[in-house]
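# Working through the structure, step by step
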Amino acid sequence: MAGKHICIVDDDLDDIFLMSASLKRLETAAALSLSISTFTDGNDALDFFANSAASPASLPDCVCMDINMPGLDGIELLKRLRDMVHLQSLPIYIVSTTMDRKTHETALALGATGSFVKPETMAGMEEMQKRFLGIGAGD
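In this report, we go over the structure that sits alongside the text. Because the structure is a prediction, the values reported are computed rather than measured.

## Notes on the packing of helix α2 (residues 42-51) against helix α3 (residues 74-82)
As a packed pair, α2 and α3 sit with axes 10 Å apart at the nearest point and diverge in direction by 10°. When the axis of α2 is compared with that of α3, the two are roughly parallel. The segment α2 lies against α3, with G42, A45, L46 and F49 engaging L77, R80 and L81.

Here is the structure:
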């Protein structure tokens, strides 16, 4: 199976660790080859994606990002990423602790591929990530 590149944008290092650990478990269980890149700041992620137009091979297969980040938050980052022509079809998933339905609806209206409340368990995280990666329940 071809490798997949997942990008995580979250200011919380514990959440990055949980998401990365879950992806590594899925990598082993589903015989995947994954690479993971992370950004703890929305502006750093924006700079990376703005510069990726010249190098489309550097783009991840999907982005998982938080909403509640200092500085450039996830909603504003989502708007700016969707304004970039070379990113309009890139799957971007919002994964946030916010349970406010309106916030998740706003993310979807702005072009998020999906918007989820962060699972509190490793099993919940793996199930959510299976959806991102297109891994069926029987895999």
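## A look at the sheet that holds strand β2 (residues 34-39)
What holds strands together in a sheet is hydrogen bonding between their backbones, with the strands either parallel or antiparallel. Pairing within the open sheet is parallel, and its five strands lie in the order β2-β1-β3-β4-β5. The open sheet terminates on both sides in strands that have one partner only, identified here as β2 and β5 (114-117). Pairs of neighbouring strands in the sheet enclose a mean axial angle of 20°, with direction left out of account. Bridging between strand β1 (residues 4-9) and strand β3 (residues 62-65) involves four bridges; their strand directions are parallel. Each bridged residue has a counterpart across the sheet, and for C7 the counterpart in β3 is V63. Together, β1, β2 and β3 form the strand contacts of α2, whose direction differs from that of β2 by roughly 125°.

## With respect to the environment of K130
You can see K130 is positioned in helix α5 (residues 122-133). For the pair K130 and L23, spaced 107 residues apart in sequence, the C-alpha separation works out to 8.9 Å. Those residues in contact with K130 that sit more than four places away from it in its chain are L26 and I135. Among the polar contacts listed, one links the side chain of K130 to the side chain of E127, at a separation of 3.2 Å.

## Describing the side chain of K118
Within the secondary structure, K118 sits in the loop between β5 and α5. For K118, a relative accessible area of 9% translates into the label buried. Among the polar contacts made by the side chain of K118, one reaches the side chain of D10 at a distance of 2.6 Å. Contacts of K118, omitting those with residues within four sequence positions, involve D10, D15, D66, V95, S96 and T97.

## Here's the deal with the pattern of salt bridges
Side chains that carry opposite charge are capable of pairing whenever their charged atoms lie near each other. If you walk through the whole model with that rule in mind, you get nine salt bridges. Two residues, D15 and K118, come together in a salt bridge whose shortest N-O distance is 2.6 Å. Here D15, found in helix α1 (residues 13-29), pairs with K118, found in the loop between β5 and α5; they are 103 residues apart in sequence, far enough to count as distant. Judged on exposure class, the residue D15 and its partner K118 are both buried. Residue K130 is joined to E127 by a salt bridge in which the shortest nitrogen-to-oxygen separation is 3.2 Å. Of this pair, K130 and E127 both sit in helix α5, three residues apart, which is roughly one turn of that helix. E127 gets classed as partly exposed once you look at its relative accessible area, which sits at 44%.

## Looking at the nonpolar core
In globular proteins that are soluble, nonpolar side chains generally tend to be buried together. Counting 23 residues, the largest nonpolar core has V9, F49, V63, M65, L77 and L81 as the members making the most contacts within it. Looking at this core, the elements that each hand over two or more residues are β1, α2, β3, α3 and β4 (92-96). With four residues, α3 is the single largest residue contributor to this core. Excluding residues within four positions of it along the chain, M65 makes contact with V9, G74, L77, L78, L81, I92, Y93, I94 and V95. I8, I16, F116 and F132 belong to the second-largest nonpolar core, a separate cluster that totals 18 residues.

Calculation rules
- Residues numbered from 1 in each chain as written.
- Predicted model: local features only at pLDDT ≥ 70, side-chain atom pairs only at ≥ 80, totals over all residues.
- Heavy atoms only, no water.
- Axes fitted to C-alpha atoms, helices over the stretch in contact; angles between N-to-C directions.
- Helix = DSSP H or I, 4+ residues; strand = E, 2+ residues; numbered from the N terminus.
- Parallel < 35°, antiparallel > 145°, perpendicular 65-115°, else oblique.
- Contact = heavy atoms within 4.5 Å.
- Pairing = 2+ DSSP bridges.
- Polar contact = N/O pair within 3.5 Å; in protein donor to acceptor, adjacent residues only side chain to side chain.
- Buried < 20%, exposed > 50% of the residue type's maximum accessible area, 1.4 Å probe, protein only.
- Salt bridge = Lys/Arg side-chain N within 4 Å of Asp/Glu carboxyl O.
- Core = buried A, V, L, I, M, F, W, Y, C linked by side-chain atoms within 4.5 Å.

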